[in-house]
Structures are given as C-alpha cells and as structure tokens.
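The lines below spell out each chain.
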Amino acid sequence: MTAVPGVQLGRHEPPTHLIAHFSDPHLLGGGRRQFGVVDSTGHLVAALEQLERSGLRPDAIVFTGDLTDLGEEDAYVRLRDIVTPVVDRLGAQLVWCMGNHDERAPYARVLFGEDVRGDGSAGIAPQDRVYEVNGLRIVALDSSVPGYDHGELDREQLDWLREVLVAPAPHGTILALHHPPIPSPLDPLMEIIELDEQDAFAEVVRGTDVRAVLAGHLHFSTHSTFAGVPVSVASATCYTMALGLPDVTLGGYDGFQSVDTVHVYPDRLVHTSVPLGAAPVLNGLGRRRRLRRGDDAGGAAGHVLPEGLAVQARRGRHRRRPRRLGCVGGASERRRRRR
Ligand SMILES: [Fe+2]
Ligand SMILES: [Fe+2]
C-alpha cells in the first residue's frame, strides 16, 4: 500500500488505504495527438510507468473523467489496453468516471462490457457505480450531460445516491465525479461549464459518511470544500491550464502534468499532487543533519525508524554540526581571520 509498508516515522499511524487519482487523459483514436500537438497517449503511459516505478501500491486507481477527447470507441479500447495491465499488476481496484468529453455508449461497452447500442448517448442511463475497496466505499458519479460540457446530477441520480449512502461503510465513502462542485477563481471561464444544481447535491451529501469528493475537469490542481466535505481536483495527464498568464485565455501547457495520491487515514485524508515527467534528481539532501532537534537516534517516544535511517541518525548525532551552507563570517571564520 505505501512505499515503506509498516513503518511509522511520525505521530500518525499508517494510512488504511491509498488511492491514485488520475484525471483527464483525453485519449484520441488511432493514437492521434490532441490539437495535433499533445501526445496524450504517451503522457498517460509515462504517468502509469512513473506510478509503477514509485513503489506505491494503491488500493484503487480512480480516473475522474474526460477519459477520451471525442468519445471514440478506439480511444476507449486504447485506454483499456494501456491501463488494465498496470492495474492488474498493482492489484488495485480500477474506478472510471465519465466526463463531458466522453460518450456513454462506447464507455459502457468497452470499459464495462455492457452491450449498449446506439450512436448517441441521450437515451443511455448515467454511468453511476459503487465500488467496495477493503471497507472503503467509492461511488463513481456520472456528471456528464449528453451533448453539453457543463455537469449535472439529475433527480434520479441524487435519489439513487441517497439510497447508497443510507448505510455507512466501515471506512466511509469517497465520491468521484468529473465536474468539481467548487468555484474556479483562477479560471472563471470554467464556471460556464461547472456542475449545475449543486444545492440539491449538497443536501444529499451533508450528514452522511462521505469523507471526500475527488474531481477533475479543470486541468489544474485545486482544493476546497463542499457541504462540509473536502474537495480535491486532480490536474490532467494530457495538458494543463496556463494559469495567471496575461493575455492568454483558456491557454494550456504541454507540461506540468501531475497525478494525485490520496492517503486515507482513520481520521483524515491527505491529498498530494505528484509532478509527472523528468527533472534533475538531487539525491540525499540533508543527510548530514540530525533528523530532529533533541532526537536521540530515533529513540524519542513514538518514533520508530527503519534500520537504515536509524544508523544515519546515530552517525549524525556524534558528528560535528555541519556549517551552514553559504555561511561566512561566523565564529570559526572570525578565528581564522585573526590568525
Ligand atoms: Fe478535460
Ligand atoms: Fe471536462
């Protein structure tokens, strides 16, 4: 589940669950590039390779929508064939969500083997599903509105969700959907295609065992609350929004992609955006310093160090305190000058 299983370095016990939260891969049929430029297929493959290399062992991998760019059947086939082997090797539960760029018919047919006919999605029921992951309930909600880009959970969906949430799950519930029910102050234009009827949704969520809402759609990481519940939006694996640039409206970067980890603790969740891609690695930073002021090589109450770290800490304790980097004019420097 975690990179260092069974190790407790701080005051908190290890998490009970780990979720890898991906969003907005936007695959195109034939492996075509998005806008003719963005290699969304290659970016997704690289993201999954990075997850496997990390040593993390998620209990679930959640994709919060815009799985494909145009809803093409071949794009869903490619997505399934890329993601499923990784998920199988990791032994994780795979959770898909629909996005505004997806189409219900090929989504259901390819990813769930459900024989849904028709060339449009208007007559096909919303793709809402419930997953049980070692006592944690994950509910995938279909916030897509066929033919439109804004989001909505209709009355039937909310009635269904209310029924699902009647009985609490042992580790609580996480809701996953594409359209985040939060404002978007850094990119207000996205509010044109936000989730409608948020008050009715909040009324269903409030007072239940829902512990978090995971979402996508914005192509940048952001966090807020909804009905008293934390909301975490994962950025995209395809392209990301160019925020804060003057004279750029709805611009994007083919870079700065990330995937989120969601560590579930008994009393809280921790969301972390993990950058994707390569950069120079600086290894071993700070290894010559003691781990904590007053710590006696990991002997402080409640701090259990793995063997390697304990050795490192013990060595550090008996070593002279290293001079601060770039520090001149200190006591030793003044003594040297006097000589
Ligand atoms: Fe998207
Ligand atoms: Fe979207």
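Before reading on, note that the structure itself is shown above.
A brief structural summary.

Criteria and cut-off values
- Residues numbered from 1 in each chain as written.
- Chains lettered and ligands numbered in written order.
- Predicted model: local features only at pLDDT ≥ 70, side-chain atom pairs only at ≥ 80, totals over all residues.
- Core = buried A, V, L, I, M, F, W, Y, C linked by C-beta atoms within 7 Å.
- Buried ≥ 20, exposed ≤ 12 C-beta atoms within 10 Å, placed from the backbone.
- Contact = placed C-beta atoms within 7 Å.
- Pairing = 2+ DSSP bridges.
- Helix = DSSP H or I, 4+ residues; strand = E, 2+ residues; numbered from the N terminus.
- Axes fitted to C-alpha atoms, helices over the stretch in contact; angles between N-to-C directions.
- Parallel < 35°, antiparallel > 145°, perpendicular 65-115°, else oblique.
- Nonpolar A, V, L, I, M, F, W, Y, C, P; charged D, E, K, R; others polar.
- Left-handed = near helix turned anticlockwise from the far one by under 90°.

### Here we look at the nonpolar core
If you look at the biggest cluster of nonpolar residues, it comprises 62 residues, and the most contacted ones within it are Val62, Val95, Ile138 and Ala176. In contact with Ile138, other than residues within four places in its own chain, are Ala60, Val62, Val95, Tyr131, Val133, Ile174 and Ala176.

### Quick look at the sheet that holds strand S7 (residues 210–215)
Read from one edge to the other, the open sheet built from six strands follows the order S4-S5-S6-S7-S9-S8, with strand pairing classed as mixed. Edge positions in the sheet fall to strand S4 (129–133) and strand S8 (222–226), since each of these pairs with one other strand and no more. Going from strand to strand, the sheet's axes swing by 20° on average, the running direction of each strand aside. Pairing geometry for S4 and strand S5 (residues 136–140), over five bridges, is antiparallel. Bridge assignment links Arg129 to a residue of S5, and that residue is Ala140.

### Details of the sheet that holds strand S13 (residues 269–275)
Pairing is mixed in the open sheet, where five strands are placed in the order S3-S2-S1-S12-S13. Looking along the sheet, the strands with just one partner apiece sit at the ends: strand S3 (93–97) and S13. Sheet twist, expressed as the average angle between the axes of neighbouring strands with direction ignored, equals 20°. By the bridge criterion, five bridges tie strand S1 (residues 17–22) to strand S12 (residues 258–264) in an arrangement that is antiparallel. Its bridge partner being in S12, His21 is matched across the sheet by Asp260.

### Concerning the pairing of S12
The element S12 is largely enclosed, with a buried count of seven among its seven residues. Of the two faces of S12, the one carrying Ser258, Asp260, Val262 and Val264 and the one carrying Val259, Thr261 and His263 are both buried. Looking at chain direction, S12 and S13 are connected through seven bridges and run antiparallel. The partner of Asp260 across the bridge, within S13, is Ser273. Turn length for the S12-S13 hairpin, with the two strands adjacent in sequence and antiparallel, is four residues.

### Examining the packing of helix H1 (residues 40–54) against helix H2 (residues 73–90)
Relative orientation of the contacting elements H1 and H2 amounts to 0°, with a least axis distance of 11 Å. It follows from the interaxial angle that H1 and H2 lie roughly parallel. Residue-level contacts link Thr41, Leu44, Val45, Leu48 and Glu52 of H1 to Arg78, Ile82, Val83, Val86 and Arg89 of H2. Its residues placed into classes, the contact of H1 with H2 shows six nonpolar, one polar and three charged.

### A few points about the packing of helix H4 (residues 155–164) against helix H5 (residues 198–205)
Packing of H4 against H5 leaves a shortest axis separation of 9 Å and a crossing angle of 15°. One way to sum up the angle between H4 and H5 is to call them roughly parallel. You can see that H4 and H5 cross each other, and the crossing is right-handed. Along the contact surface, H4 presents Leu158, Leu161 and Arg162, while H5 presents Ala200, Phe201 and Val204. The residue makeup of the contact of H4 with H5, split by class, is five nonpolar, no polar and one charged.

### What about unusual backbone geometry?
Positive phi is not limited to glycine here, since Asp24 has a value of about 50°. Tracing the chain through its elements places Asp24 in the loop between S1 and H1. Since 27 C-beta atoms lie within 10 Å of it, Asp24 is described here as buried. The phi angle at Phe256 is positive, at roughly 60°, despite the residue not being glycine. With 19 C-beta atoms packed within 10 Å, Phe256 lands in the partly exposed category.

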